[in-house]
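Remarks on the overall topology
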Amino acid sequence: MRPFPVLQTAGALPRPVYELTNVSKYYRGGGIVALEQVSLSLRQGEFHSVIGSSGCGKSTLLKIMAGLTPPSKGRVMLSGKPVLGARPDIGMMFQQATLFPWRTTLQNVLLPIEVRDGKAAAEAARPRALSLLELVGLKGFESVYPSQLSGGMAQRAAICRMLVSEPDVLLLDEPFSALDEITRDFMNMELQRICLERGATAFLVTHSISEAVILSDVVHVMSARPGRVVQTIEIDLPRPRTLDMATLPEFGRYVSTIRNLLDKGAFL
Ligand SMILES: Nc1ncnc2c1ncn2[C@@H]1O[C@H](COP(=O)(O)OP(=O)(O)OP(=O)(O)O)[C@@H](O)[C@H]1O
Ligand SMILES: [Mg+2]
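A separate point is the site of ligand 1. Lining the immediate environment of ligand 1, one finds Tyr27, Arg28, Ile32, Ala34, Ser54, Gly55, Cys56, Gly57, Lys58, Ser59, Thr60 and Arg225. Among the secondary structure elements, those contributing two or more residues to the shell around ligand 1 are strand E2 (32–43) and helix H1 (58–66). In terms of residues, the shell around ligand 1 owes the most to one element, H1, which gives three residues. Residue classes in the shell around ligand 1 are distributed as four nonpolar, five polar and three charged.

What follows is the structure, encoded as structure tokens:
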């Protein structure tokens, strides 16, 4: 099956912020082909997801987009400049909320600023950190330590830590996979709200088809190793998305299209 172009509509669309062109990644001197010829493009404010079987190269793709590892071939551009290393305009969130146990919630949230710009800058960012904590419902928990937070609260604090440096782009590697389904649904809706409010561009790695559909403007389905994008699907549901949209017939059609691709197409 051939990929079809993302967002075919002509006219006044925001210009692409992220552009990956023929990105390939080889490990062990070429012995492992983790990614093969991945090309994709994200526009300002769009939410994209990538879905595919374990080991197909999703985290590798995200690390390349974040500038944490270079592609073996191909090019990654963000806001017109090549991504050659970690950048302040990129926020990244990993699978586990790695808060430091000896720092309070607020101190954890301010850590990236402190590391990057020093203590004075972190102090100046306090009001922003506090309003972020309020935004995710952690007002009143600023001074407690991670051991006193639930898993979902720690994840919410980790979101604030990602957002405190005001990145334009959010890269999320299964950020809520450790959470129960109800908390996860809530966090996904929070994530959408934050993205819409801030006009942020987001790229999410997930194993969940329904999560990909409910959150995304565009879903990229990857093949098993070597990872390639076998199909790119536009999700034409209105925003803001709500959890009850999962009962819509269109929603069901998107889910079954992606499931079919993962069942067979992912091995094309
Ligand atoms: N640093 C590395 N050195 C060698 N091989 C690696 C390295 N990182 C990843 N790989 C290999 O590249 C392939 C893709 O790995 P990656 O972590 O990107 O998969 P993934 O799609 O994120 O999987 P999962 O869904 O299980 O998280 C795997 O075969 C993995 O073994
Ligand atoms: Mg991974």
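From this point, the narrative continues.
Taking burial as the measure, the five residues of strand E9 (residues 218–222) include five buried ones, the bulk of the element. Covered by surrounding structure in E9 are Val218, His220 and Met222 together with Val219 and Val221, the residues of both alternating faces. As defined by bridge partners, strand E3 (residues 47–51) adjoins E9 across four bridges and the pair is classed as parallel. Within the sheet, the bridge partner assigned to Ser49 lies in E9 and is Val219. Across five bridges, the pairing between E9 and strand E10 (residues 229–234) is antiparallel. What sits directly across from His220, in E10, is Thr232. Linking E9 back to E10 in an antiparallel pair, the connection comprises six residues.

Relative orientation of the contacting elements helix H2 (residues 105–117) and helix H5 (residues 151–163) amounts to 35°, with a least axis distance of 7 Å. Of the two possible hands of crossing, H2 and H5 adopt the one that is right-handed. The segment H2 lies against H5, with Thr105, Asn108, Val109, Leu111 and Pro112 engaging Ala157, Cys160 and Arg161. Its residues assigned to classes, the contact of H2 with H5 comprises five nonpolar, two polar and one charged.

This part is about the sheet that holds E2. Taken together, four strands build an open sheet; the order of strands is E2-E1-E4-E5 and the sheet is antiparallel. Each of the sheet's edge strands pairs with one partner strand only, and the pair in question is E2 and strand E5 (81–82). Examined bridge by bridge, strand E1 (residues 16–27) and E2 share eight bridges and lie antiparallel to one another. Note on E2: the bridge partner recorded for Glu19 is Ser41.

Turning to the sheet that holds strand E6 (residues 90–93), a few remarks are in order. Spatially, six strands are ordered E6-E7-E8-E3-E9-E10 in an open sheet, and the strand pairing comes out mixed. At either end of the open sheet lies a strand with only one pairing partner, and these are E6 and E10. Direction aside, neighbouring strands of the sheet carry axes that sit 15° apart on average. In the sheet, E3 pairs with strand E8 (residues 201–206) via five bridges, with the strands oriented parallel. When the sheet's bridge partners are listed, Val50 is paired in E8 with Val205. Lying on the sheet, helix H8 (residues 249–263) is in contact with E3, E9 and E10; it crosses E10 at an angle near 180°.

The rules behind each value
Residues numbered from 1 in each chain as written. Chains lettered and ligands numbered in written order. Predicted model: local features only at pLDDT ≥ 70, side-chain atom pairs only at ≥ 80, totals over all residues. Near = placed C-beta within 6 Å. Helix = DSSP H or I, 4+ residues; strand = E, 2+ residues; numbered from the N terminus. Nonpolar A, V, L, I, M, F, W, Y, C, P; charged D, E, K, R; others polar. Buried ≥ 20, exposed ≤ 12 C-beta atoms within 10 Å, placed from the backbone. Pairing = 2+ DSSP bridges. Axes fitted to C-alpha atoms, helices over the stretch in contact; angles between N-to-C directions. Left-handed = near helix turned anticlockwise from the far one by under 90°. Contact = placed C-beta atoms within 7 Å.

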